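These are the residues of each chain, in order.
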Amino acid sequence: MGIELLGGRILAPFFGSSVHIWGSIITVFMLSLSLGYLLGGKLSTHNPSLSKYGFIFLVASISITPISFFSQPIMAFIFTHIEDSRYGSLLASMALFFIPTVILGMISPYSVRLLVTESDKSGQIAGILYFVSTLGSALGTIITSFYFVLAFDVNSIIITFAITLGLLGLIAIMIGSNVRREAPIHA
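Residues numbered from 1 in each chain as written. Predicted model: local features only at pLDDT ≥ 70, side-chain atom pairs only at ≥ 80, totals over all residues. Heavy atoms only, no water.

Student: Help me understand the side chain of E4, please; the structure alone is not making it clear to me.
Tutor: Mapping E4 onto the fold places it in helix 1 (residues 2-15). One buried charge, E4, has no salt-bridge partner; the nearest side chain with opposite charge is R9, at 15 Å. Residue contacts for E4: discarding those within four places in its chain leaves W22, I25, I26 and F29. (Helix = DSSP H or I, 4+ residues; strand = E, 2+ residues; numbered from the N terminus. Buried < 20%, exposed > 50% of the residue type's maximum accessible area, 1.4 Å probe, protein only. Lys, Arg positive; Asp, Glu negative; His and termini not counted. Salt bridge = Lys/Arg side-chain N within 4 Å of Asp/Glu carboxyl O. Contact = heavy atoms within 4.5 Å.)

Structural data, given as structure tokens:
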């Protein structure tokens, strides 16, 4: 949610902040999350591991980072080539946010797969996970919109988000590697 909110700040200098700009941003995030959910669910069926989970975080971190470096030239190019701000903002949102958000969307279903150890508890686990996820999104929205944007520039916030994701990914990979090494060998 933090990146989605920042999307409005990133697009505003070129396309404004009207309802159709927000419509473009929300549409791109919803479509890319839905695709990410499908891909993450599919990926979770192929030898799921904490290390692979951490790798998703690392790829998300890497995919978010270019937003802070290349958003201005990408939007300038789109702005000068597409006159209608509705379509320009939609294309800019796709160019900047589609791939990172697809990858971020993969995290939730993969989380469910890693946390479910008994099929009769899967609904409860999914409910808890989505509760925590939605609560985190609400907190991220408030913290980003009330505090971060007042204290830091947008690019610094994005880089901080990317670093946080990268660190979480590395921690998951390290823990996953230790779990694999400590797992008993079955004859």
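Student: Even after reading the chapter, I still don't get the nonpolar core, so can you show me in this structure?
Tutor: As a rule of thumb, nonpolar side chains are buried together in soluble globular proteins. Grouped together as the largest cluster of nonpolar side chains are 33 residues, with contacts concentrated most on L6, I10, L11, F15, M75, F97 and I158. Elements that contribute at least two residues to this core include exactly helix 1, helix 2 (19-43), helix 3 (50-81), helix 4 (85-105), helix 5 (107-115) and helix 7 (154-182). Ranked by the residues each element gives to this core, the list is headed by helix 3, at eight residues. Look past the residues within four positions of I158 in its chain and what remains in contact with it is L6, I10, I64, I67 and S68. (Core = buried A, V, L, I, M, F, W, Y, C linked by side-chain atoms within 4.5 Å.)

Student: Hey, could you run me through the packing of aromatic side chains in this one?
Tutor: Each pair of aromatic rings is reported with the distance of its centres and the angle of its planes. Overall, the coordinates contain nine aromatic pairs when judged by the stated rule. The interplanar angle of 35° and the centroid separation of 5.4 Å between the aromatic rings of F29 and F97 together place this pair among those described as tilted. Of this pair, F29 sits in helix 2 while F97 sits in helix 4, placing them 68 residues apart in sequence. Just as F29 is buried, F97 falls in that class too. Between the aromatic rings of F148 and F161, the centroid separation amounts to 6.4 Å while the plane-to-plane angle is 55°, which identifies the pairing as tilted. Of this pair, F148 sits in helix 6 (residues 122-151) while F161 sits in helix 7, placing them 13 residues apart in sequence. Aromatic rings pair up to connect F14, F15 and F79 into one cluster. (Phe/Tyr/Trp six-rings, centres within 6.5 Å; stacked < 30°, edge-to-face > 60°.)

Student: Is there a simple way to think about the UniProt feature "transmembrane region" (unreviewed entry) in the protein in this case?
Tutor: With numbering matched to this structure, UniProt assigns "transmembrane region" (unreviewed entry) to residues 20-41, 53-79, 91-116, 128-150 and 156-176. With 92% helix and 0% strand, the stretch residues 91-116 has end C-alpha atoms that lie 38 Å from each other. Span residues 156-176 is 100% helix and 0% strand, its end C-alpha atoms 30 Å apart. (UniProt positions renumbered as here; feature names shortened; annotations may be inferred.)

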